[in-house]
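Observations on the model geometry
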Amino acid sequence: MLAGRSLIEPLNFSVEEMDDLFALAERIEEDGAYLRDSCRGKLLATLFFEPSTRTRLSFEAAMLRLGGSCLGFADPGSSSAAKGESLADTVRMAAAYADAIVMRNPKEGAALLASRYSPVPVINAGDGGHHHPTQTLTDLLTIKRLRGKPGAGLGDSIGGLTVGFCGDLRFGRTVHSLAKALARYDNIRLVFVSPPELQAPEYITRLLAREHIEYLETGGLEEAMPGLDVLYMTRVQRERFFNEEDYIRLKDTYVLNREKMKLAKKNLIILHPLPRVNEIAVEVDADSRAAYFKQAKYGMYVRMALLASVLGVVD
Ligand code: NCD
């Protein structure tokens with residue numbers, strides 16, 4: 001039962017609870033009328049202290065499609081945070097008005113802190129370079145839908161796959177959340193492709209080692225490409241760099257283009273949490289293996305499933 005629960009990082013939900021969410025999301029996708037008015041009269045507060053397009057819009061679309069309503073801000077400059085209000089106070093206010101809170105904040109740990117002050121569920125829509133669990137739900141549902149075995153739970157569905165991550169693995173919160181979530185499944189292999197400065201944090205690689213997950217760290221995308229079933233491309237996270245020179249030096253380390261796609265499996269799926277900057281050439285969009293726009297759509301279905309569950313309108 002997810003009613004009343006917060007989602008701060010991917011391991012907050014069990015493997016079985018995730019499977020229930022994916023099944024619900026698939027049912028919502030199949031049947032547009034299912035749960036249509038289930039959240040009538042409920043309010044979702046969206047508190048975005050950092051820029052967002054997809055995450056905020058997909059949460060709003062999800063809530064509206066469930067018949068509920070949204071309130072909030074997309075620019076902290078227009079909220080009382082600009083007057084010096086603490087996060088704890090902003091969250092207590094939002095919880096007084098709304099039935100659930102979705103929050104994005106540049107500080108690692110902000111969502112956890114918010115959940116400690118909030119009597120209503122808090123959903124972490126990104127806390128600095130730390131976690132982004134609803135992007136992980138999106139990513140896993142996409143992998144399941146495109147590469148999974150019909151009717152199987154996620155574990156059976158993705159066993160045997162090699163998942164590559166490429167780009168900014170140090171600051172990319174979507175990478176941390178997805179790698180952490182994948183570490184719970186058997187028979188999965190991970191390949192991390194990044195320059196040395198942008199390698200995945202040690203807490204992630206240590207966790208993989210502890211869980212006996214086979215992983216490889218490399219600098220070469222071309223060499224890794226032929227072995228991958230899923231390639232998760234990421235943007236270099238400019239806003240988390242300490243200086244602009246480093247960003248400029250590293251930003252175009254990897255550009256996935258038509259030439260590199262020739263090295264890949266015929267049934268590779270390319271994911272990207274978006275926004276894309278330069279790391280995937282536009283010419284790749286026409287390749288049937290490019291799944292990043294579909295992925296954005298699955299994000300809305302899984303967020304509908306999540307909201308309906310934490311708001312307690314489904315079992
Ligand atoms: C990601 C994020 O905010 O971490 N975007 C998203 O939510 N889809 C990835 C990014 O900004 O690079």
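Before any of the text, the structure's been laid out above.
Below: a short report on this structure. (Residues numbered from 1 in each chain as written. Predicted model: local features only at pLDDT ≥ 70, side-chain atom pairs only at ≥ 80, totals over all residues. Heavy atoms only, no water.)

Note on placement: Gly67 falls in the loop between helix H2 (54-65) and strand S2 (69-73). It is 4.4 Å that separates the C-alpha atoms of Gly67 and Asp37, two residues lying 30 residues apart in sequence. The contacts of Gly67, once residues within four sequence positions are left out, are Arg36, Asp37, Cys39, Arg40 and Gly41. (Helix = DSSP H or I, 4+ residues; strand = E, 2+ residues; numbered from the N terminus. Contact = heavy atoms within 4.5 Å.)

Before going further, it helps to examine the packing of aromatic side chains. Considering all chains together, one arrives at seven aromatic pairs under this definition. With a centroid separation of 5.6 Å and 55 degrees between ring planes, the pair formed by Phe165 and Tyr232 is classed as tilted. Separated by 67 residues along the polypeptide, Phe165 in strand S5 (residues 162-166) and Tyr232 in strand S8 (residues 230-233) bring together distant segments of the chain. Cluster of aromatic residues (ring-pair linked, three or more members): Phe165, Phe192, Tyr215 and Tyr232. (Phe/Tyr/Trp six-rings, centres within 6.5 Å; stacked < 30°, edge-to-face > 60°.)

Quick look at the pattern of salt bridges now. In the structure shown here, the tally under the stated rule is 21 salt bridges. For Glu9, the salt bridge goes to Lys180, with nearest N and O atoms at 3.0 Å. Of this pair, Glu9 sits in the segment before helix H1 (15-30) while Lys180 sits in helix H7 (residues 173-182); the two residues are 171 residues apart in sequence, bridging distant segments of the chain. For Lys265, the salt bridge is made with Asp229, and the minimal N-O distance between the two is 2.9 Å. (Salt bridge = Lys/Arg side-chain N within 4 Å of Asp/Glu carboxyl O.)

Let us now look at the sheet that holds strand S7 (residues 214-218). Read from one edge of the open sheet, five strands run S7-S6-S5-S8-S9, paired in parallel fashion. Here the strands that pair on one side only, and so sit at the sheet edges, are S7 and strand S9 (269-271). When the angles between neighbouring strand axes are averaged without regard to direction, this sheet yields 15 degrees. Here five bridges tie S5 to strand S6 (residues 189-193), and the two strands are oriented parallel to one another. Its bridge partner being in S6, Gly164 is matched across the sheet by Val191. Against the sheet, helix H5 (residues 133-147) makes contact with S8 and S9, and its axis sits at roughly 165 degrees relative to S9, the strand it touches most. (Pairing = 2+ DSSP bridges. Axes fitted to C-alpha atoms, helices over the stretch in contact; angles between N-to-C directions.)

Let us look at the site of the ligand. For the ligand, the full set of nearby residues is Thr55, Arg104, His132, Gln135, Arg173, Thr174, Arg235, Gln237, Pro273, Leu274 and Pro275. Taking Pro273, its main chain carries an N or O atom lying 2.8 Å from a nitrogen atom of the ligand. (Near = heavy atom within 4 Å. Polar contact = N/O pair within 3.5 Å; in protein donor to acceptor, adjacent residues only side chain to side chain.)

Most of strand S4 (residues 122-127) is tucked away, with six of its six residues classed as buried. In this structure, strand S3 (residues 100-105) lies alongside S4, joined through four bridges in parallel fashion. Counterpart to Val102 in the pairing with S4 is Ile123. On the question of chirality, the crossover connecting S3 to the parallel S4 by way of helix H4 (residues 110-117) is right-handed. (Buried < 20%, exposed > 50% of the residue type's maximum accessible area, 1.4 Å probe, protein only. Right-handed = clockwise from strand over helix to strand, strands pointing away.)

Classification of Lys180 as buried rests on a relative accessible area of 14%. As for Lys180 and Pro76, which are separated by 104 residues in sequence, their C-alpha atoms are 29 Å apart. Leaving out residues up to four positions away in the same chain, Lys180 has contacts with Glu9, Pro10, Leu11, His131 and Leu207.

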